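Geometric and topological summary
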Amino acid sequence: MKALKIILIILLLVVVLIGGGLYYLFSNLDSLVASGIEKAGSEVTQTEVKVDKVHLELRKGRGEIYGLSIANPPGYTSANVFKFDEVALQIEPTSVTQPVIVLNEVLIDGASLTAEHNGGASTNIQEITNNVRSRFSGGGKPEPEPADSGKELRFMVEKLAFTNISMAVISPQFKDRTVTLNDIKRSNLGSREQGLTAQELAQAIVQPLIDNAKNRLEDELKSRAREEAGKALEKNLSDSDKENLDKVKSLFKSE
């Protein structure tokens, strides 16, 4: 009987410890996820990534990330290169206990970017691009994790969408201007069998936005340069030359 009591006490203690551990895990899950995003994002972009708040409801299969920002590299005036006020997640509840956590949808609406040209040969968007590429060496694969790092969580995203993206363009040569970017949609980032590490997922989400912003910035700067060159040219033209130039421009205007 005494032995049975000891066994029951041990079992009860184990249950209490497990229950306490699970309570701690789930009561602190939001902050743990926020810390994970900041760590993985900072490693990928090599700049500071911050998250204001994370709210997860695993039973309902949804979550939100608030105030996600990616800091500018050194040498630029603005604080952030990317800022997302809210990221909405649709999570497959049954996958949270599996080796690969499945995110059915990641929706980022109203992302704001600041593309800055410091007057040199580079921009902050290009520097972030270089940082991401240098982090993923060997054909896009990250450096292997240490052997004692434990089993790493892996993720799969079925649908990714960026909508209503705005980008402020800052350059010492031109007036500041805000432009819009095309919506971005991607599908099947990773797989249910293999998934992506947190760093790989961060890269897969951020890279399309970087590429979109980089291309739009290059087009904007080229367009501004042509505008300024045209203004300078017209300023030095005679009245008759300006009249002839206006006639040529009219040929390219849509009906």
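In case you missed it, the structure is sitting above this.
Residues numbered from 1 in each chain as written. Predicted model: local features only at pLDDT ≥ 70, side-chain atom pairs only at ≥ 80, totals over all residues. Heavy atoms only, no water.

With that settled, consider the packing of helix α2 (residues 29-45) against helix α3 (residues 124-135). Relative to each other, α2 and α3 sit at 100 degrees, their axes nearing to 7 Å. Taken together, the axes of α2 and α3 are roughly perpendicular relative to one another. Two secondary-structure elements touch here, α2 through E43, V44 and T45 and α3 through I128, N131, V132 and R135. Of the residues belonging to the contact of α2 with α3, the class tally is 3 nonpolar, 2 polar and 2 charged. (Axes fitted to C-alpha atoms, helices over the stretch in contact; angles between N-to-C directions. Helix = DSSP H or I, 4+ residues; strand = E, 2+ residues; numbered from the N terminus. Parallel < 35°, antiparallel > 145°, perpendicular 65-115°, else oblique. Contact = heavy atoms within 4.5 Å. Nonpolar A, V, L, I, M, F, W, Y, C, P; charged D, E, K, R; others polar.)

Another point: α3. Given a rise of 1.5 Å per residue, 12 residues ought to cover 16 Å, and the 17 Å separating the end C-alpha atoms of α3 matches this to within 8%. Among the residues making up α3, those that are buried are N124, I125, I128, T129, N131, V132 and R135. The arc enclosing the buried residues of α3, seen along the axis, measures out at 160 degrees, which places them on a common side. (Expected span 1.5 Å × (residues − 1). Buried < 20%, exposed > 50% of the residue type's maximum accessible area, 1.4 Å probe, protein only. Arc of directions from axis to C-beta.)

Counting residues in each nonpolar core, the largest one holds 50 residues, and the members touching the most others are F82, F84, L113, F162 and M167. Considering each element in turn, this core owes the most residues, 10 residues, to helix α5 (residues 198-235). Apart from residues no more than four positions distant in its own chain, L113 is found in contact with V81, F82, I165, S166, M167, A168, L181, L209 and A213. (Core = buried A, V, L, I, M, F, W, Y, C linked by side-chain atoms within 4.5 Å.)

What follows deals with α2. Its 17 residues place the ends of α2 24 Å apart at the C-alpha level, agreeing with the 24 Å of an ideal helix rising 1.5 Å per residue. Residues L29, A34, A40, G41, V44 and T45 constitute the buried set of α2. For α2, the arc enclosing every buried residue in end-on projection is 140 degrees, short of the 170-degree limit, so these residues lie on one face.

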